[in-house]
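# Commentary on secondary and tertiary structure
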There are 2 protein chains.
Amino acid sequence: LRVGTLLSLLLATSSQAADNASSVQMLTSQCAACHGVKGLSTLPHAPNLAGQPVQYLDEQLKLYRSGKRQNETMNLMAKPLNDQQIAAIAAWYNAIQIQLAP
Amino acid sequence: LRVGTLLSLLLATSSQAADNASSVQMLTSQCAACHGVKGLSTLPHAPNLAGQPVQYLDEQLKLYRSGKRQNETMNLMAKPLNDQQIAAIAAWYNAIQIQLAP
């Protein structure tokens, strides 16, 4: 029974991790149109997000969500996000490493 | 006389270009403490500026200058800048090329 409980816990955790991974993919796919598939901007008014500090991304998404930072598109995009989703998006873009071009 | 006029114009232009170059260096040296010497952030709450779209940088500095985008440090930094200085700073950071790390 204990092994069974542990197993189902492990399965639940791993399936939740997979859900989180697929949901962050779904979330960031909405950002890609302007910010690029890998977080390198495709539009003159959209910033690169790749490699930005995680705290900065987290804060700015929350400022967009509350409307304290104003941008028509971003206020709409951020409105439905909860704190966990914002943290996941911030971590996802932060993890894309950038460097100066040689 | 014509050659002399041309020469002094050229000298004036070149010295003005040098002035502009040195003034953008002076301006961006104030940004470096948080945004890094090459525009790669040194602080968790400061974004990377290297390689950002020039229009984005120009707009955001103007939003900071007017106070429409709120950040205590950036509102102070942007307040004394004129449009030309903002354009020069935006061009300077945009010119630092970045790429995804391999």
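This structure is a prediction, so every number in the text was calculated from the model and none was measured.

### Looking at the interface of chain A and chain B
Taken residue by residue, the interface counts 26 residues in chain A and 26 residues in chain B. Summed over both sides, the interface between chain A and chain B buries roughly 2200 Å², with carbon and sulfur atoms accounting for 55% of that surface. At the boundary of chain A with chain B, the tally comes to zero salt bridges. There are 15 residue pairs in polar contact (both at pLDDT 80 or more) connecting chain A and chain B. Elements that contribute at least two residues to the side of chain A that touches chain B include exactly α2 (54-66) and β1 (98-100) of chain A. Per-element tally for the side of chain A that touches chain B: the top contributor is α2 of chain A, with four residues. Of the residues belonging to the side of chain A that touches chain B, the class tally is 13 nonpolar, nine polar and four charged. One ladder, built from three bridges, connects β1 of chain A with strand β1 (residues 98-100) of chain B; its direction is antiparallel. Residue pairing in the sheet places L100 of chain A in a bridge with I98 of chain B of β1 of chain B.

### Digging into the side chain of D58 of chain A
All names here are of chain A. Take D58: it is sitting in helix α2. Judged by its relative accessible area of 17%, D58 is buried. A distance of 2.8 Å separates a polar atom in the side chain of D58 from a polar atom in the side chain of K62. Once residues within four sequence positions are removed from consideration, D58 is found in contact with I86, A87 and A90.

### Overview of the packing of helix α2 (residues 54-66) of chain B against helix α4 (residues 83-94) of chain B
All names here are of chain B. At a minimum axis separation of 8 Å, α2 and α4 run at an interaxial angle of 140 degrees. On the basis of their axis angle, the class for α2 and α4 is oblique. Judged by the sense of rotation from one axis to the other, the crossing of α2 with α4 is right-handed. Contacts from V54, L57, D58, L61, K62 and R65 in α2 reach D83, I86, A87, I89, A90, A91, Y93 and N94 in α4. Taken together, the residues of the contact of α2 with α4 sort by class into nine nonpolar, one polar and four charged.

So, how was this worked out
- Residues numbered from 1 in each chain as written.
- Chains lettered and ligands numbered in written order.
- Predicted model: local features only at pLDDT ≥ 70, side-chain atom pairs only at ≥ 80, totals over all residues.
- Heavy atoms only, no water.
- Contact = heavy atoms within 4.5 Å.
- Buried area = accessible area lost by both parts, 1.4 Å probe.
- Salt bridge = Lys/Arg side-chain N within 4 Å of Asp/Glu carboxyl O.
- Polar contact = N/O pair within 3.5 Å; in protein donor to acceptor, adjacent residues only side chain to side chain.
- Helix = DSSP H or I, 4+ residues; strand = E, 2+ residues; numbered from the N terminus.
- Nonpolar A, V, L, I, M, F, W, Y, C, P; charged D, E, K, R; others polar.
- Pairing = 2+ DSSP bridges.
- Buried < 20%, exposed > 50% of the residue type's maximum accessible area, 1.4 Å probe, protein only.
- Axes fitted to C-alpha atoms, helices over the stretch in contact; angles between N-to-C directions.
- Parallel < 35°, antiparallel > 145°, perpendicular 65-115°, else oblique.
- Left-handed = near helix turned anticlockwise from the far one by under 90°.

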